[in-house]
Amino acid sequence: MKLNNDALFEQDVEALIREIHAQYGYDFSGYARASVYRRIKRFLSQKHLNSLDDLRKGLFSDSFFFENFLQEVTVNVTEMFRDPTFFLSLRTNVLPILSTYPFIKIWDAGCSTGEELFSLAILLKEEGLLDRTKIYATDINQKVLKQAKEGIFSATNMPAYTSGYYAAGGKQEFSSYYRSNYGSAKFDSSLVKNVVIYPHNLATDSSFNEFHLILCRNVLIYFNRELQERVFRLFDESMVSLGYLGLGKKETLAMSGISSNYNLVDKSNRIYRKAN
Amino acid sequence: MAAASNVIVIGGSWGGIQASLTILKNLPANYSIPIILVLHRLRTTEGNLQEVFGKRLALKAVEIEEKEALLPGYVYLAPANYHVLIEKDHTFSLDDSELENYSRPSIDVTFTSAAEVFKDRTIGILLSGASKDGSSGLKYIFEKRGTAIVQDPEEAEIDTMPLAAIHSIPGCSVLNLEQIQAFLLSLHDH
């Protein structure tokens, strides 16, 4: 059978995924393919590359180019207070329970450029929990991690973030958390003084601590079922009993092997609690 | 249930809800081809499109869940704030990457993805809308020898979207809603 262009492209991407794993240690074999193909095609056109072979040469001769590729292929689009009802639910349903612990540990898995991290920190501060909370913010991508703790976001997004903040039950003036400067907004660095940032790959790395709350939102949609299951088990191993798990609006624990050990706290916001 | 051999993808924005209700309302509950509907909506509203369509159609209207399999008898609604992609095993993937044509969901993204999987068995229909989203996706369907249908701009509530598509795909079929409805009924495999 003669392979058409699409089939050839897919075959070459599979080979590239194996080579990337061998060379750089990043394993994309469990990523949902429709998105991977789309991201790679997008990257090829952005970089004016004509073929996967040109991409290959670039990736294996230049590690900066690879970092750039990694950042584009793993989606790093995020916003503050994405789905404000989720953050409102954290504030009203989860934080009051967490406040009964003397010390709180939270894992923000797939924190990307830090918008969710700062949203969470603002919530904790307003509920009086920030000083006794440690947040572990991780991402596969070292480049975005550098930005995550800086808290510098585009000023053009502030109107949308401000309405998100109030919809999430914000208690202060949102603008009291940042200073505007030349088109950007720099958030108060004391918000992240108890934040630890480091690279962690959900596809290959193991559990590193136990948490009262794990947030992993809009990351699992990019994984196939097997990899999703791996990540759910990883979260389960990393969760204290009665701990909480917050997923993206369209992500579910329902199909997972660990689901029987979790109860839905808030169905529409996909917040789960581990059983005792 | 057997995997579907073809797929219908419909896109629209302003005027697209009414137009898609019109072309879908007479399709029977056991309609043999899965239908994916990508409508632009305000990013901030949590639409109840599922209710709007569920009440008026014999087909089952559901908001897409990731990894869900495409089945006949359903109208799959793209959720707010996610792009919809289709995997080779005929399941859905969701994607929250950059807006395309100022839109998420983007019609181009879903049309292109459908054509990559279903090739010439893709039926793309672009309806009324005040955006240029959808043209390049419909063109891709056409290039894969699928069926490219555009709502007659004379009849569309807003003609920007149909006109952009007609301009970029000279070979597409320009039909009014009544003709599109009849065409869809003719595809039904009893």
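Values in this document were obtained by computation on a predicted structure and should not be read as measured data. (Residues numbered from 1 in each chain as written. Chains lettered and ligands numbered in written order. Predicted model: local features only at pLDDT ≥ 70, side-chain atom pairs only at ≥ 80, totals over all residues. Heavy atoms only, no water.)

The helix and strand tally for chain A stands at 9 helices and 10 strands. Computed over its C-alpha atoms, the radius of gyration of chain A comes to 20 Å, within 12% of the 19 Å expected for a compact globule of 276 residues. A burial count over chain A gives 53% of its 276 residues as buried. Of the contacts made within chain A by residues no fewer than 6 positions apart, 77% connect residues no fewer than 24 positions apart. Per element, the accessible surface of chain A, about 11,900 Å² overall, is 51% carbon and sulfur. Here chain A carries 33 positive and 31 negative side-chain charges, and the mean point of each set is 3 Å from the other. (Helix = DSSP H or I, 4+ residues; strand = E, 2+ residues; numbered from the N terminus. Rg over C-alpha atoms; globule rule 2.2 N^0.38 Å. Buried < 20%, exposed > 50% of the residue type's maximum accessible area, 1.4 Å probe, protein only. Contact = heavy atoms within 4.5 Å. Areas by Shrake-Rupley, 256 points an atom, 1.4 Å probe, with all protein chains shown as cover. Lys, Arg positive; Asp, Glu negative; His and termini not counted. Charge placed at Lys NZ, Arg CZ, Asp CG, Glu CD.)

This brings us to the overall build of chain B. Helix and strand content of chain B: 6 helices and 9 strands. At 15 Å, chain B has a C-alpha radius of gyration in line with the 16 Å of a compact globule built from 190 residues. Its C-alpha atoms give chain B principal-axis dimensions of roughly 40 × 35 × 35 Å. Scored against the burial criterion, the 190 residues of chain B give a buried share of 56%.

Bringing the interface of chain A and chain B into the picture now. Of the residues lining the interface, 28 residues belong to chain A; the matching set on chain B comes to 28 residues. Taking both sides of the interface into account, the surface hidden between chain A and chain B amounts to around 2,300 Å²; carbon and sulfur atoms contribute 36%. Here chain A is connected to chain B by 14 salt bridges. A salt bridge links B:Lys119 to A:Asp6; the nearest nitrogen and oxygen atoms lie 2.8 Å apart. Of all elements in the fold, only helix H1 (5–24), helix H2 (33–46) and helix H9 (225–237) of chain A reach the threshold of two or more residues within the side of chain A that touches chain B. Broken down by element, the side of chain A that touches chain B gets its largest block of residues, 7 residues, from H2(A). Among the residues making up the side of chain A that touches chain B, the classes are represented as 8 nonpolar, 6 polar and 14 charged. (Buried area = accessible area lost by both parts, 1.4 Å probe. Salt bridge = Lys/Arg side-chain N within 4 Å of Asp/Glu carboxyl O. Nonpolar A, V, L, I, M, F, W, Y, C, P; charged D, E, K, R; others polar.)

This paragraph deals with the pattern of salt bridges. Enumeration over the complete set of coordinates arrives at 28 salt bridges over all chains. Ionic pairing is found between A:Glu19 and A:Arg56, a salt bridge with its closest N-O pair at 2.7 Å. One end of the pair, A:Glu19, is in helix H1; the other, A:Arg56, is in helix H3 (residues 52–61), with 37 residues separating them in the sequence. Judged by relative accessible area, which is 26%, A:Glu19 ranks as partly exposed. The exposure class assigned to A:Arg56 is partly exposed, which follows from its relative accessible area of 31%. Across the salt bridge formed by B:Lys67 and B:Glu66, the nearest N and O atoms sit 3.1 Å from each other. B:Glu66 shares its class with B:Lys67; the two are buried.

All right, on to the domain arrangement of chain A then. Residue and element names in this part refer to chain A. Domain annotation for chain A reports domain 1 (5–73) and domain 2 (84–274). Relative to domain 2, the C-alpha centre of domain 1 lies at a distance of 29 Å. Contacts between the two partners involve 11 residues from domain 1 and, on the opposite side, 14 residues from domain 2. In total, domain 1 and domain 2 occlude about 1,100 Å² of area from one another, counting both sides; carbon and sulfur atoms represent 50% of this. (Domains from an automatic or database assignment.)

Along the polypeptide, B:Glu66 turns up in the loop between strand E3 (60–63) and strand E4 (74–77). Apart from the residues lying within four places of it in its own chain, the contact partners of B:Glu66 are A:Leu220, A:Ile221, A:Gln228, A:Lys250, B:Phe92 and B:Leu94.

All names here are of chain B. In space, the 7 strands of this open sheet follow the order E3-E4-E2-E1-E7-E8-E9, with parallel pairing throughout. A strand with exactly one partner marks an edge of an open sheet, and here the two such strands are E3 and strand E9 (173–175). The mean inter-strand angle of the sheet, taken between neighbouring strand axes irrespective of direction, is 20 degrees. Two strands pair when backbone bridges link them, and E3 and E4 are joined in this way by 4 bridges, in the parallel orientation. (Pairing = 2+ DSSP bridges. Axes fitted to C-alpha atoms, helices over the stretch in contact; angles between N-to-C directions.)

Moving on to the nonpolar core. Ranked by size, the top nonpolar core spans 78 residues in total, and within it A:Ile40, A:Leu55 and A:Leu202 carry the most contacts. Among the elements that take part in this core, helix H3 (residues 107–118) of chain B stands out by supplying 6 residues, more than any other. Of the residues that make up this core, three or more belong to each of domain 1 (5–73) and domain 2 (84–274) of chain A. Excluding residues within four positions of it along the chain, A:Leu202 makes contact with A:Trp107, A:Ala109, A:Cys216, A:Val219, A:Phe223, A:Leu227, A:Arg230, A:Val231, A:Leu234 and A:Phe235. Core analysis: the second largest hydrophobic core is formed by 41 residues, A:Ile104, A:Leu145, A:Phe153 and A:Phe174 among them. (Core = buried A, V, L, I, M, F, W, Y, C linked by side-chain atoms within 4.5 Å.)

Moving on, we come to the packing of helix H1 (residues 16–24) of chain B against helix H2 (residues 49–56) of chain B. All names here are of chain B. Running from N to C, H1 and H2 point in directions that differ by 30 degrees, and their axes come no closer than 10 Å. The angle between the axes of H1 and H2 places the two elements in the roughly parallel class. Between H1 and H2 lies a crossing whose hand is right-handed. Of the residues in H2, those touching H1 at Ile17, Ser20, Leu21 and Leu24 are Leu49, Val52, Phe53 and Arg56. Class assignment of the residues belonging to the contact of H1 with H2 gives a composition of 6 nonpolar, 1 polar and 1 charged. (Parallel < 35°, antiparallel > 145°, perpendicular 65-115°, else oblique. Left-handed = near helix turned anticlockwise from the far one by under 90°.)

All names here are of chain B. Burial along strand E6 (residues 92–95) is two-sided: Phe92 and Leu94 and Ser93 and Asp95, pointing in opposite directions, are all buried. Taken together, the 4 bridges between strand E5 (residues 83–86) and E6 define a ladder with antiparallel strand orientation. Across the sheet, residue Ile86 finds its bridge partner in E6, namely Phe92.

Let us now look at helix H4 (residues 63–73) of chain A. Residue and element names in this part refer to chain A. When H4 is considered as a whole, its buried residues turn out to be Phe65, Phe66, Asn68, Phe69, Leu70, Gln71 and Val73. The inward-facing, buried residues of H4 contact H1, H2, H3 and helix H7 (142–148). Looking at where H4 begins, the residue whose side-chain oxygen comes 3.0 Å from the main-chain nitrogen of Phe64 is Asp62. (Polar contact = N/O pair within 3.5 Å; in protein donor to acceptor, adjacent residues only side chain to side chain.)

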